[in-house]
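Read off the chains here:
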Amino acid sequence: MTDIVEIHVTCPTLEVARELSHVLLDGRLAACCNIGKEVDSRYLWQGKKERHDEWPLTIKTRADLFDACAEAIRAHHPYETPAIVGFAVDHVDAATAEWIAEVTKA
């Protein structure tokens, strides 16, 4: 196990995904943000089945920054409850781990 996590969140527009990535990078909360291609999302919300196009955002950061990242995402995300999910990274190249640690230092 490493101290690196990937955080996944979907965004309603490409512009929102880009804005969130800048907030996280400028705040040194993330070392890297990857914006994926548009996806067809289907989910249950407030008792109804919904369908929307969304843009996935993947954030690479340190595990101890998860809560700060989630707080920043909630503060800048237009959804009432953005789905913010973090995954522990079991294996990471040493140079990559060092880069993430260095970039996210305050």
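Residues numbered from 1 in each chain as written. Predicted model: local features only at pLDDT ≥ 70, side-chain atom pairs only at ≥ 80, totals over all residues. Heavy atoms only, no water.

S.K.: Please provide a residue-by-residue account of unusual backbone geometry, values included.
M.R.: Although it is not a glycine, arginine 28 adopts a positive phi angle of roughly 55 degrees. Phi at glutamine 46 is positive, roughly 50 degrees, even though this residue is not glycine. Locating glutamine 46 in the fold gives a position in the loop between strand E3 (39-45) and strand E4 (48-62). Relative accessible area serves as the criterion here: at 60%, glutamine 46 is assigned to the exposed category. (Helix = DSSP H or I, 4+ residues; strand = E, 2+ residues; numbered from the N terminus. Buried < 20%, exposed > 50% of the residue type's maximum accessible area, 1.4 Å probe, protein only.)

S.K.: Report on the pattern of salt bridges, specifying residues and quantitative values.
M.R.: Inspection of every chain in the model, using the stated rule, returns five salt bridges. Ionic pairing is found between arginine 42 and aspartate 40, a salt bridge with its closest N-O pair at 2.9 Å. Owing to a relative accessible area of 59%, arginine 42 belongs among the exposed residues under this scheme. Classification of aspartate 40 by relative accessible area gives partly exposed; the value is 44%. In this structure, arginine 51 and aspartate 40 form a salt bridge, with 2.9 Å as the shortest nitrogen-oxygen distance. One end of the pair, arginine 51, is in strand E4; the other, aspartate 40, is in strand E3, with 11 residues separating them in the sequence. Classification of arginine 51 by relative accessible area gives partly exposed; the value is 39%. (Salt bridge = Lys/Arg side-chain N within 4 Å of Asp/Glu carboxyl O.)

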